[in-house]
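# Chains, contacts and geometry: an overview
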Amino acid sequence: MLLFMIICLLSLVSGLPVEHQENTPAWVDVCGGSFLFSEDTKTWHDAAGNCELYGSHLAQIDTMEKNFCLLEYAHIQEITVGWWWHSGNDLDSEGVYRQFDGKLLQWQPIWFPDDPNGSTGENCLVVRLDVSASSGKWGDYPC
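Attention in this report is confined to the structure presented alongside it. Keep in mind it's a predicted model, so treat the numbers as computed, not measured.

## Some details on the state of the cysteines
According to the stated counting rule, one finds two disulfides in the structure shown. Put simply, Cys31 and Cys69 are joined by a disulfide, and their sulfur atoms are 2.1 Å apart. Looking along the S-S bond of the Cys31-Cys69 disulfide, the torsion reads about -95°, which is the left-handed sense. With Cys31 in the loop between strand 4 (28-30) and strand 5 (33-42) and Cys69 in helix 2 (residues 64-76), the pair connects residues that are 38 residues apart, well separated along the chain. Residue classification places Cys31 among the buried positions, given a relative accessible area of 16%. Cys69 gets classed as partly exposed once you look at its relative accessible area, which sits at 24%.

## Topic: the environment of Glu65
Secondary-structure assignment places Glu65 in helix 2. Taking the C-alpha atoms as reference points, Glu65 and Cys31, separated by 34 residues in sequence, lie 8.7 Å from one another.

Reading guide: rules and limits
Residues numbered from 1 in each chain as written. Predicted model: local features only at pLDDT ≥ 70, side-chain atom pairs only at ≥ 80, totals over all residues. Heavy atoms only, no water. Disulfide = S-S within 2.5 Å. Helix = DSSP H or I, 4+ residues; strand = E, 2+ residues; numbered from the N terminus. Buried < 20%, exposed > 50% of the residue type's maximum accessible area, 1.4 Å probe, protein only.

Structure follows, in structure tokens:
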């Protein structure tokens, strides 16, 4: 089983802003949001649950601009880990990709060669944030 790193996006809980607390991991304000780049390796479902513990959710990459912004941030920070979970998935309907908020993916990501290719066995999405020929590309993997 492959496990990937986690990107969480700080969001709202019960309509109240989530406050940064000293005992929580370091969040960074970048790309129009507050993100946690966690090097914990987890399954997609466990990663989503981990984000929820902080009042957040897996990162929602809504545009190519945000995809490239996160990639550029990772490069500046010299993040060497390759694949990172985000909220994109086709759990409800094969090939119909939705984000955390349930809305359909409105843009075409650059896919890793031969992805998406997992049929119903690979329903959760990752993005590659290292410096490689696959930088910024998406892949589908078992959740």
